[in-house]
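Below, each chain spelled out in residue letters.
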Amino acid sequence: MTKIFKSLSFAVFMALSLPFAAFADSIKIGFNAPLTGFAAADGNSARVGAELAVEQVNSAGGIGGKQLELVIYDDQASPKESAPLAVKLITQDNVAAGISGSYSGATRAAATIYQESNVPYISAYAVHPDITRAGDYVFRTSFVGEVQGRAGAKLIGEMMGHKRVVMITLNNDFGKSLANGFKEKAGDFGIEIVNEYEYSIKDREFGAIVSKAKSDEPGAIYASGYFFTAGPLVRQLRAAGIEVPVIGQEGYDSQKFIEIAGPDAEGVIITTSLDRDSADAVTQDFISGFEAKAGYPSDMVAASAHTAVLVMADALARAADESAAALREAIAGASVMASTGQISFNALGEVQKDVQIQIVKDGNWRHYAVISDTELLAPPAE
Amino acid sequence: MLAIELVIQGIVQGAIYALIALGLVLVYGLLRILHVAHAALYTLGAYIGVIIVNQGGHIIFATAVAMVAVGFVGIGVYRFAYKPLLDKPPLIALIASIGLFIAAEEIYRIIFGAYGMSFAQPPLQQQIELFKGFHLSTARISVVILSILFIGVLGWLAASTRTGIAWRATVSDAGMAASFGVNIEKVRYINFFIGSALAALAGVMVALLNNLVEPTMGAVPAYKALAIIVLGGLGSVRGTLVASIALGIIESFGTIYLGHVMDRDAIAFTFLIIVLMIRPQGLLTRR
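Residue numbers run consecutively from 1 along every chain, following the written order of its sequence. As they are written, the chains are lettered A onward and the ligands numbered 1 onward, keeping that order. Selection of residues for local features in this predicted model requires a pLDDT of at least 70, selection of side-chain atom pairs for listing and counting requires 80 or more, and totals for whole chains, interfaces and linings are taken over all residues. Hydrogens and water are ignored here; the side-chain numbers use all heavy atoms of the structure.

K.L.:
Tell me what's going on with the overall build of chain B, and back it up with residues and numbers.
P.N.:
Going along the chain from the N terminus, every DSSP run of H or I of four or more residues is numbered as a helix, and every run of E of two or more is numbered as a strand. Across its full length, chain B holds eleven helices and two strands. Listing the helices and strands of chain B from first to last along the sequence gives α-α-α-α-β-β-α-α-α-α-α-α-α. The reference for a compact globule is 2.2 Å times residues^0.38; the radius of gyration itself is calculated from the C-alpha atoms. Relative to the compact-globule value of 19 Å for 287 residues, chain B shows a C-alpha radius of gyration of 19 Å, a close match. Referenced to the eigenvectors of the C-alpha coordinate spread, the extents of chain B come out at roughly 60 × 50 × 35 Å. Three labels apply to residues, based on accessible area from a 1.4 Å probe with only protein chains included: buried if under 20% of the type maximum, exposed if over 50%, partly exposed otherwise in between. Expressed as a percentage of the 287 residues in chain B, the buried residues total 54%. Here the analysis covers contacts within chain B between residues at least 6 apart in sequence; of these, 76% occur between residues at least 24 apart. All accessible-area figures derive from a Shrake-Rupley calculation using a 1.4 Å probe, and residue coverage is judged against the displayed protein chains alone. In the structure as shown, chain B presents an accessible area of about 12,300 Å², 71% of it carried by carbon and sulfur atoms. Positive charge is attributed to Lys and Arg, negative charge to Asp and Glu, and no charge count is given to His or to the chain ends. Each charge is placed at NZ for Lys, CZ for Arg, CG for Asp and CD for Glu. Both charge centroids of chain B, one from 17 positive and one from 11 negative side chains, sit 12 Å from each other. Any pair of residues with heavy atoms lying within 4.5 Å of one another is described as a contacting pair.

Take a look at the structure:
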């Protein structure tokens, strides 16, 4: 009996240790994203985007023969969760680097810990300016809010030629930084900001703001938000008979926005990172690969997480040795064609890339224009 | 003109608050339980409404099914969550209620998906021009009309039917009512059924206004409805109605003129604090 038990437990032990043996030949990357809670939709899209990138890298032979492996944790978009998870990823999972598929609060908290431990960390789509200021191990592959706000001002004032603008601003770090960038450059493009209204991320009901905005008689509306606030907002603006263009940003960038706003979404224009009509193979592979894997069309957060993983994989392949310092050097020197365009970083670790302008046409996001003005789009450098 | 528009927008919002808060105040009046999970039933109503319409059901049919189904779920909540806790301090039931609410949000997310749901072809979106330059969608107008209708019927039920009298007797003194032969258990079931059905109605209405139903859509009503019943003077139905409309209108003006200083919730709770400082017994005094 004991003999059987012994051989059984040995077999179980072997079975359990097999996966670990396999993992010895892999490179681990930590990934924190909100998989439950209010931001779960974005978190899960980001996760699928990151997983897709890992599959693509691995099927192309991995990194120097080693497979990439994501270690994924749910941070509920909360700093309370992301900070201990960062510690766990670094000390227990021994990840070579980390990627944030999460919002600003959670990403900031984790960034500090990665920096203190000298482990490279890339923020895929969190916008708060302080994230990269955590130190030289922290990078960002998406625009800070200010950059996109400036692009929005150029789009409305110069490219579309509307001069009377009402702003509807989401009062969190995302909306506020967009508004700051927009106001900073509005004057340069001859825009008069008639009024600015603020709302909170919990609001879905904009009756009062819509009534007031209508009485302001703007030429265009610059409204920051996410698809779950912007969808109801656009629908309510149109239902009140406001026909002027609505300009948004990457927070709108999801098929779900079009689903919520329905026919009212037609003609809405946004500044974002993902060009659905890009001729680039990486982008097209991502768009088709994501839809096949996720079962719904790609969005900005997925593309951003996908980009962050590709940038990390590229740096891992180029790093001089296996040290964190060498990996950091490699990321800093990146020049990668990814699903959100050509990526390189400035001294602070902020991305330098073009802003894509997309428009809703026949129920889909389509190419409208691209802004490549490096001076206008210069990210903060310190 | 703008002022009138803002008042009307406030009344629309207030009507939704009223539908949600009524169920809460009914439960509080009867059991002295702060029924936080009520907001989860509101979310459930919205989901049922959207799903039935997307399956080809008419919006009136969908609303009716949502109200009846959620009404029975409300009875279930009472039977399985609150009834076993009735002899415990009310705090225990409150904790159970909060737990139930959080669990419900995650259950909705698992079943219905994190992205939320929308009507494929949203009904009641025709615009009606109330006066020059002021359009309201049929959905918005329906919110107000249906609220008045259902709350009116409820008031009539409470005032003029045997069930209503039994209900009022149970609220003022359950023991005494029981000794006069009122079936208290039945009163409680009816109470939860009606309150939950109204929450479901509010859920479907909000789905029509926003065309978005999310697992977490109950989060704001969960605490705002509590503020409203406190404003109304805990347990007062009339006070709750007045508080709902007042809060809707104050938020409507507040988002425009105070929006850059504080958000909608901050405005609502500032109003609550001011009212409680002046009238600790609530907007309308009981008795």
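K.L.:
Provide a residue-level description of the side chain of Ser123(A), including the pertinent values.
P.N.:
On the secondary structure map, Ser123(A) appears in strand E4 (residues 121-123). What makes Ser123(A) buried here is its relative accessible area of 0%.

K.L.:
Summarise helix H4 (residues 90-112) of chain B; cite the residues concerned and give the values.
P.N.:
In an α-helix, one turn spans 3.6 residues, which is why side chains three or four residues apart end up on the same side. What a helix should span is 1.5 Å times the count of its residues minus one. Taking 1.5 Å as the rise per residue, H4(B) with 23 residues should run 33 Å; its terminal C-alpha atoms sit 32 Å apart, in good agreement. Turning to H4(B), its buried residues are Ala93(B), Leu94(B), Ser97(B), Phe101(B), Ala104(B), Glu105(B), Tyr108(B) and Arg109(B). Residues of H4(B) that are buried in the fold lie against helix H2 (40-59) of chain A together with helix H2 (38-54), helix H3 (59-82) and helix H9 (219-231) of chain B. Count one or two residues on from H4(B) and you reach Gly113(B), which has phi positive near 95°.

K.L.:
Requested: an account of the nonpolar core, with residues and values cited.
P.N.:
All names here are of chain A. Nine residue types can take part in a nonpolar core, namely buried Ala, Val, Leu, Ile, Met, Phe, Trp, Tyr and Cys, and a core is a set of them joined through side-chain atoms within 4.5 Å. In terms of nonpolar packing, the biggest core is built from 111 residues, with Leu68, Ile168, Phe182, Tyr252, Phe257, Met312 and Ile331 touching the most fellow members. With eleven residues, the top contributor of residues to this core is helix H11 (residues 300-318). The residues that make up this core include at least three from each of domain 1 (9-143 + 278-349) and domain 2 (145-272 + 357-371). Leave out the neighbours within four places in its chain, and Tyr252 touches Ala223, Ser224, Gly225, Phe227, Ala230, Val234, Val246, Ile247, Phe257, Val268, Ile270 and Trp365. How far each domain reaches was decided by an automatic or database domain assignment.

K.L.:
Break down the sheet that holds strand E15 (residues 364-371) of chain A for me, with residues and values.
P.N.:
Where strands meet in a sheet, backbone hydrogen bonds hold them as pairs that are either parallel or antiparallel. Residue and element names in this part refer to chain A. Strand order in this open sheet of seven strands is E7-E6-E8-E9-E10-E14-E15, and the pairing throughout is mixed. One side of each edge strand has no neighbouring strand; the edge strands of this open sheet are strand E7 (192-199) and E15. In this sheet, adjacent strand axes meet at a mean angle of 25° when their direction is disregarded. When DSSP locates at least two bridges between a pair of strands, those strands are taken to pair. Inspection of the sheet shows strand E6 (residues 164-170) paired to strand E8 (residues 220-223) by four bridges, in the parallel sense. By the bridge assignment, Met167 is partnered in E8 with Tyr222. The axes used here are C-alpha line fits, helices contributing only the stretch in contact, and every angle between their N-to-C directions lies in the interval 0 to 180 degrees.

K.L.:
Describe the domain arrangement of chain A, naming the residues involved and giving the relevant values.
P.N.:
Residues and elements named next belong to chain A. The domain architecture assigned to chain A consists of domain 1 (9-143 + 278-349) and domain 2 (145-272 + 357-371). A separation of 30 Å is found between the C-alpha centroids of domain 1 and domain 2. Contacts between the two partners involve twelve residues from domain 1 and, on the opposite side, 14 residues from domain 2. Simply put, the buried area is the total loss of 1.4 Å probe accessible area from both parts when two parts are fitted together. Where domain 1 abuts domain 2, roughly 1,200 Å² becomes buried across the two surfaces, and 65% of that area is made up of carbon and sulfur atoms.

K.L.:
Outline the sheet that holds strand E11 (residues 336-338) of chain A, supporting the account with residue identities and numerical values.
P.N.:
Taken together, the three strands give an open sheet; going across it, the order is E11-E12-E13 (chain A), and neighbouring strands pair in antiparallel fashion. Across the chains shown, the open sheet's two edge strands, defined by having one partner strand only, are E11 and strand E13 (351-352) of chain A.

K.L.:
Describe the interface of chain B and chain A, naming the residues involved and giving the relevant values.
P.N.:
Residue-level contacts link 36 residues of chain B with 37 residues of chain A. Summing both sides of the interface, chain B and chain A together bury roughly 2,900 Å²; the carbon and sulfur share of this comes to 51%. Ranking the residues of chain B by area buried against chain A places Tyr115(B), Asn210(B) and Ile256(B) at the top, with a combined share of 23%. Each reported salt bridge corresponds to a side-chain nitrogen of Lys or Arg within 4 Å of a carboxyl oxygen of Asp or Glu. Taken together, the connections running from chain B to chain A amount to four salt bridges. Pairs of N or O atoms are called polar contacts if they sit within 3.5 Å, as long as, within protein, a hydrogen donor faces a hydrogen acceptor (for residues adjacent in sequence, only side-chain-to-side-chain pairs). Inspection of the region where chain B meets chain A yields 20 residue pairs in polar contact (both at pLDDT 80 or more). Secondary-structure elements contributing two or more residues to the side of chain B that touches chain A are helix H1 (2-31), H4, strand E2 (134-137), helix H8 (184-210), H9, helix H10 (237-257) and helix H11 (264-278) of chain B. When residues in the side of chain B that touches chain A are grouped by element, the largest group, five residues, is from H1(B). Only Asp, Glu, Lys and Arg are considered charged, only Ala, Val, Leu, Ile, Met, Phe, Trp, Tyr, Cys and Pro nonpolar, and every remaining residue, Gly among them, polar. Of the residues that constitute the side of chain B that touches chain A, the class distribution is 13 nonpolar, 15 polar and eight charged.

K.L.:
Explain the packing of helix H6 (residues 162-172) of chain B against H8(B) to me, and be specific about the residues and the numbers.
P.N.:
All names here are of chain B. Where H6 contacts H8, the axes come no closer than 10 Å and their chain directions differ by 100°. Taken as axis vectors, H6 and H8 run roughly perpendicular relative to one another. The segment H6 lies against H8, with Thr163, Ala166, Trp167 and Thr170 engaging Ile184, Val187, Ile190 and Asn191. Each residue belonging to the contact of H6 with H8 can be placed in one class, and the counts come to five nonpolar, three polar and no charged. Oblique is the label for any angle not under 35 degrees, not over 145, and not in the 65 to 115 range, which are roughly parallel, roughly antiparallel and roughly perpendicular in turn.

K.L.:
Can you break down helix H3 (residues 79-91) of chain A residue by residue, with the values?
P.N.:
All names here are of chain A. Under the 1.5 Å per step criterion, the end-to-end length of H3 is 18 Å for 13 residues, consistent within 8% with the ideal 18 Å. For H3, the set of buried residues is Ser82, Ala83, Leu85, Ala86, Leu89 and Ile90. Regarding H3, its N-cap is Ser78, as a side-chain oxygen of that residue lies 3.1 Å from the backbone nitrogen of Lys80 further along.

K.L.:
Give a detailed account of the pairing of strand E14 (residues 355-361) of chain A, specifying residues and quantitative values.
P.N.:
All names here are of chain A. Among the seven residues that make up E14, six are buried, leaving the element largely enclosed by the rest of the structure. Here strand E10 (residues 269-272) runs beside E14; their pairing, made up of four bridges, is antiparallel. Bridge pairing links Thr272 to Gln356 in E14. Here E14 pairs with E15 via seven bridges, running antiparallel. Its bridge partner lying in E15, Lys361 is registered against Asn364.

K.L.:
Tell me about a nonpolar patch on the surface, and please be specific about residues and values.
P.N.:
All names here are of chain B. Here the term patch refers to residues with relative accessible area over 30% and no salt bridge, with like charges joined within 9 Å and nonpolar side chains (Val, Leu, Ile, Met, Phe, Trp, Tyr) within 5 Å. A surface patch of nonpolar side chains, about 390 Å² in accessible area, is lined by Leu149, Val153, Trp156 and Leu157. Its place among the elements puts Trp156 in helix H5 (residues 138-160). Residue classification places Trp156 among the exposed residues on the basis of a relative accessible area of 53%.

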